[in-house]
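Given next are the chains, with one letter for each unit.
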Amino acid sequence: MDVGELLSYQPDRGAKRPREEDGGAAAGGEDDFRGGKQQKGLGARERELARYREAGVGGAEGGVEMEELTEDKKMILEKLMDQDEEEPEAEPVDESSVKKMILTFEKRSYKNQELRIKFPDNPEKFMESELDLNDIIQEMHVIATMPDLYHLLVELNAVHSLLGLLSHENTDVAIAVVDLLQELTDIDTLHESEEGAEVLIDALLEGHVVALLVQNMERLDEQVKEEADGVYNTLAIIENMAEFRPGLCTEAAQQGLMQWLLKRIKAKMPFDANKLYCSEILAILLQNNDNTSELLGEMDGIDVLLQQLSVFKRHNPSTAEEQEMMENLFDALCSCLMLSSNRDRFLKGEGLQLMNLMLREKKMSRTSALKVLDYGMIGAEGADNCHKFVDILGLRTIFPLFMKTPKKMKKTRASEKEHEEHVCSIIASMLRNLKSQQRSRLLSKFTENDCEKVDRLMELHFKYLEAVQQADKRIEGEKHEMVRRGEILDDSMEDEFYLRRLDAGLFVLQLICYIMVEISNSGNSQLHQRVHQILNLRGGSVKIVRHIMREYAESIGDGKSDEFKEAERKRIMDLVDNF
């Protein structure tokens, strides 16, 4: 072994827990602090060896032989090598070693704080303590392999101290803490010990972790790779906690996260992994949550979403990641439209016009635009949007999609059934909500070209009726088998079977039957005759249609007031009786 090899020798440090590549491995590492001269987490002896090398022994690479070194240098080098070889294996992680580690962390954190207060304008005085603090934060990553010891972090006040470091003057220290928290809250790790996870998450929320993380992100410069990684890891912490405890979404949004996400999404920066992640977190926060939807509406978030999506009306996303971001933003918009106050904002922000344009342009955004229109027009709250849609000539856009399901849907991962469901739902919503002139315009569409739309409607009716009948046969077979085995068919099993029937096409069939009974009761004898004529020709039955509509009326309006449910059921049953 020549001297060059000797000097570059590093002892085996034992296996470390693997880290995610994009998880900001460099964030807060010692290579940041020391100008990249040393590797992350170097021990004291390696640092001594490196300093020794920098002092002049590095010349050995130029071909200097061992004999040319002084005896002193040779002895120091051998001593260092011997010490490294004799170094014992890393001690196992147990309760006492974790306590020791936390104690060291507390001491170093306190010492660094003390020196920074004492010498605020003299970095040389506190730099060494900052490096030591960073070292111990890196070592604490090993605690993430033992979630059942998380209670020690809380009992010994380490969580409080870590949260305090998120506002440390040196962003590298704050990023190192983010990196550690991201690993501690890794969702797989949390599920390894539910008890330890609960204790940790409780302590983090008590310390207003989201507000502190948002404040830290505010000061990070994403032009710097390490700081961009810090932002990514911060979003990962929030995702982990939201997945483990979905109830915290409202609290997180209110602690400044919603505002930061909207600001970051509309920032004029090139598309990157962080923007994609922001769209994902936004969609998670808004899912089935009226509080966060209301908050987004109050912050003019509907306008932000529409502005970001308008890019895709004439251009397809250039990468799979950008497509994913587009779909996340559409999902966020759909979640918001569940709230009636946001439907008004959507209407005023010209969301209908944008969706209509997307449907005409035939780009990838078309499938999701259709879904947004469905969410915006459904139910009694969608009446204003239904009227506006007819006014902006939306009927010219929606009926060609009703007549022919587009073939190019594979790219957007949408199924034919999904497309037909959204189109039928939009038409059903318009039949329910439109009044006077707009309703007449809609009904006249069905009489155009010798009632071709009615023919298509009946074609869809028989297609989905067959699919549901096949599903019913399978379910009946399973029920028979369960009874034979002596199993009990309880309410939860019945609910599961009903959901399977809906999934097989029952929901689309219900929408189609609703359109059939609506147009038959419209007062236009031509439409009434055509529906019944095709039913008779194809061996269909009015009885089956009535049965499907009764089932639909029974399941209507979950989450609505009892008066609304009753009025809607009566309205549907009146239509059915007159069919």
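Residues numbered from 1 in each chain as written. Predicted model: local features only at pLDDT ≥ 70, side-chain atom pairs only at ≥ 80, totals over all residues. Heavy atoms only, no water.

**Q** Describe helix α6 (residues 123-139), with residues and values.
**A** The terminal C-alpha atoms of α6 lie 24 Å apart, and with 17 residues this matches the ideal 24 Å at 1.5 Å per residue to within 8%. Within α6, burial applies to Phe126, Ser129, Glu130, Leu131, Leu133, Asn134, Asp135, Ile136, Ile137 and Gln138. (Helix = DSSP H or I, 4+ residues; strand = E, 2+ residues; numbered from the N terminus. Expected span 1.5 Å × (residues − 1). Buried < 20%, exposed > 50% of the residue type's maximum accessible area, 1.4 Å probe, protein only.)

**Q** For the packing of helix α28 (residues 542-554) against helix α29 (residues 562-577), give the residues involved together with the corresponding values.
**A** Where α28 meets α29, the closest approach of the two axes is 9 Å, and the angle between their N-to-C directions is 175°. Classed by the angle they form, the pair α28 and α29 counts as roughly antiparallel. Between α28, through Arg546, Met549, Arg550, Tyr552, Ala553 and Glu554, and α29, the contact on the second element is made entirely by Arg569, Ile572, Met573, Val576 and Asp577. Its residues placed into classes, the contact of α28 with α29 shows six nonpolar, no polar and five charged. (Axes fitted to C-alpha atoms, helices over the stretch in contact; angles between N-to-C directions. Parallel < 35°, antiparallel > 145°, perpendicular 65-115°, else oblique. Contact = heavy atoms within 4.5 Å. Nonpolar A, V, L, I, M, F, W, Y, C, P; charged D, E, K, R; others polar.)

**Q** Which residues make up the pattern of salt bridges, and what are the values?
**A** Using the criterion set out here, one finds 32 salt bridges in the structure. One salt bridge connects Asp202 with Arg245, and the closest N-O pair in it is separated by 2.8 Å. Pair noted here: Asp202 is in helix α11 (residues 194-206) and Arg245 is in the loop between α13 (225-244) and α14 (249-266), with a separation of 43 residues, a long-range link. A salt bridge links Glu218 to Lys263; its shortest N-O distance comes to 3.1 Å. In this pair, Glu218 sits in helix α12 (residues 209-219) while Lys263 sits in helix α14, placing the two residues 45 residues apart along the sequence. On the accessibility criterion, Glu218 (43% relative accessible area) is partly exposed. (Salt bridge = Lys/Arg side-chain N within 4 Å of Asp/Glu carboxyl O.)

**Q** How would you explain the environment of Arg500 if you had to name every residue and give the values?
**A** Position of Arg500 relative to the elements: it lies in helix α26 (residues 491-520). Considering only alpha carbons, one finds Arg500 and Val468, 32 residues apart in sequence, at a separation of 9.6 Å. Leave out the neighbours within four places in its chain, and Arg500 touches Ile475 and Glu478.

**Q** I'd like a rundown of the nonpolar core, residues and numbers included.
**A** With 150 residues, the main nonpolar core has Leu153, Leu257, Leu282, Leu333, Met355, Met430 and Ile519 as its most contacted residues. Among the elements that take part in this core, helix α25 (residues 436-484) stands out by supplying twelve residues, more than any other. Those residues in contact with Leu282 that lie beyond four places of it in its chain are Met258, Leu261, Leu262, Ile265, Leu296, Leu305 and Ala332. (Core = buried A, V, L, I, M, F, W, Y, C linked by side-chain atoms within 4.5 Å.)

**Q** Give me a negative patch on the surface: which residues, what numbers.
**A** A contiguous patch of negative charge on the surface is contributed by Asp148, Asp188, Glu192 and Glu243. Within the secondary structure, Asp188 sits in helix α10 (residues 187-192). On the accessibility criterion, Asp188 (56% relative accessible area) is exposed. (Patch = residues over 30% accessible without salt bridge, like charges linked within 9 Å, V, L, I, M, F, W, Y side chains within 5 Å. Areas by Shrake-Rupley, 256 points an atom, 1.4 Å probe, with all protein chains shown as cover. Lys, Arg positive; Asp, Glu negative; His and termini not counted. Charge placed at Lys NZ, Arg CZ, Asp CG, Glu CD.)

**Q** Run through the packing of aromatic side chains, naming residues and quoting values.
**A** Any pair of aromatic rings gets described here by the distance separating the centres and the angle formed by the planes. Per the counting criterion, the structure on display carries four aromatic pairs. Considering the side-chain rings of Tyr232 and Tyr277, the 4.7 Å spacing of their centres and the 50° angle between planes classify their relative orientation as tilted. Taken together, the residues span a long stretch of sequence, with Tyr232 in helix α13 and Tyr277 in helix α15 (residues 273-286) at a distance of 45 residues. According to the relative accessible area criterion, Tyr277 is buried, its value standing at 7%. When the ring of Phe399 is compared with that of Phe402, the centres are 6.0 Å apart and the planes differ by 85°; the resulting orientation is edge-to-face. Here Phe399 pairs with Phe402, and both are found in helix α23 (residues 395-403), just three residues apart, close to one helical turn. Among the residues examined, Phe402 registers a relative accessible area of 2% and is labelled buried. One aromatic cluster in this structure is built from Phe399, Phe402 and Phe446. Residue placement shows Lys125 over the ring face of Phe119; its charged tip is 5.3 Å from the ring centre. (Phe/Tyr/Trp six-rings, centres within 6.5 Å; stacked < 30°, edge-to-face > 60°. Lys NZ or Arg CZ within 6 Å of the ring centre and 35° of its normal.)

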